[in-house]
Amino acid sequence: AGAPAAVKEAGLAAVRAARGPAHALAGLIALTALSGAFVAGMGAGYAFNTFPLMEGRLVPDGYWAIEPAWRNPFENVPAVQFDHRVLAVSTVCATAAFWAYARALPLPRPARLATHGLLLVTCAQASLGVWTLLAAVPVELGTAHQAGALTLFSAALLLLHTLRKVPL
């Protein structure tokens, strides 16, 4: 009493089509969380408490202040915070794009639900990040934002689990 073979094959093809972009998205989420660790470790969240601009500029003064230049993304407060902002906005856009792409696919119900959940958690995490920044990083919000990063990566892993190579 299973689904017709054509329906199952369409679902498997959809899972295969979504798997690669989902892995890339999970990688972006992990990279964004890693950049957030640099922000927290350097106290970079205290430096520029405006959004989206940083002291009235899109790219802050002092982005390339350290020599050699390759050290800036790791050791320079303006660069670290700017890079995390760019990665965070990129994560929101990529998640929304994946969600729109996945909606057009006949994915199994668990994968569809995981995709919806990932978009929800991504939007919540980005909103919490901006709130934390604008509030000058109180401990409670900073801690919640770090927990949100773990929640977001867990949601990405759940999506990948729903897209694993198993029959429908």
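Worth saying up front: this structure is predicted, and the values here are computed from it rather than measured.

Basis of the calculations
Residues numbered from 1 in each chain as written. Predicted model: local features only at pLDDT ≥ 70, side-chain atom pairs only at ≥ 80, totals over all residues. Heavy atoms only, no water. Helix = DSSP H or I, 4+ residues; strand = E, 2+ residues; numbered from the N terminus. Buried < 20%, exposed > 50% of the residue type's maximum accessible area, 1.4 Å probe, protein only. Polar contact = N/O pair within 3.5 Å; in protein donor to acceptor, adjacent residues only side chain to side chain. Contact = heavy atoms within 4.5 Å. Core = buried A, V, L, I, M, F, W, Y, C linked by side-chain atoms within 4.5 Å. Lys, Arg positive; Asp, Glu negative; His and termini not counted. Salt bridge = Lys/Arg side-chain N within 4 Å of Asp/Glu carboxyl O. Expected span 1.5 Å × (residues − 1). Patch = residues over 30% accessible without salt bridge, like charges linked within 9 Å, V, L, I, M, F, W, Y side chains within 5 Å. Areas by Shrake-Rupley, 256 points an atom, 1.4 Å probe, with all protein chains shown as cover.

Student: Explain the side chain of Thr115 to me, and be specific about the residues and the numbers.
Tutor: Note that Thr115 resides in helix α4 (residues 109–134). Judged by its relative accessible area of 4%, Thr115 falls in the buried class. From its side chain, Thr115 meets the backbone oxygen of Ala111 in a polar contact 2.8 Å long. Excluding its chain neighbours within four sequence positions, the residues that come into contact with Thr115 are Phe98, Trp99, Ala102, Leu107 and Leu159.

Student: Hey, could you go over the nonpolar core for me, with residue numbers and the actual values?
Tutor: Counting 20 residues, the largest nonpolar core has Phe98, Leu107, Leu118, Leu159 and Leu163 as the members making the most contacts within it. Elements with a contribution of two residues or more to this core: α1 (5–42), α3 (77–103), α4 and α5 (139–162). Sort the elements by how many residues they give to this core and α1 lands first, with seven residues. If sequence neighbours within four positions are ignored, Leu163 has contacts with Val15, Ala18, Arg19, Ala22, Leu107 and Ala111. Core analysis: the next-biggest nonpolar cluster, separate from the first, contains five residues, Phe48, Met54, Tyr63 and Ala79 among them.

Student: Quick rundown of the side chain of Arg19? Include the residues and the values.
Tutor: Assignment of secondary structure puts Arg19 in helix α1. One buried charged side chain, Arg19, makes no salt bridge at all; its nearest oppositely charged neighbour is Glu9, positioned 11 Å away. Among the polar contacts made by the side chain of Arg19, one reaches the main-chain carbonyl oxygen of Leu163 at a distance of 2.7 Å. Non-local contacts of Arg19, meaning those with residues more than four positions away in its chain, are made with Leu163, Arg164 and Lys165.

Student: Explain α4 residue by residue, including any values.
Tutor: With 26 residues, α4 ought to run about 38 Å at 1.5 Å a step, and its terminal C-alpha atoms sit 38 Å apart, in line with that. Of the residues making up α4, those classed as buried are Ala111, Ala114, Thr115, Leu118, Leu119, Thr122, Gln125, Leu128, Gly129, Thr132 and Leu133.

Student: Tell me about a nonpolar patch on the surface, residues and numbers included.
Tutor: Among the surface-exposed residues, Leu31, Leu34, Phe38, Trp70 and Phe74 lie close enough to one another that they form a single nonpolar patch of about 530 Å² accessible area. Take the nonpolar patch: its biggest share by element is three residues, from α1. Turning to its location among the elements, Leu34 is positioned in helix α1.

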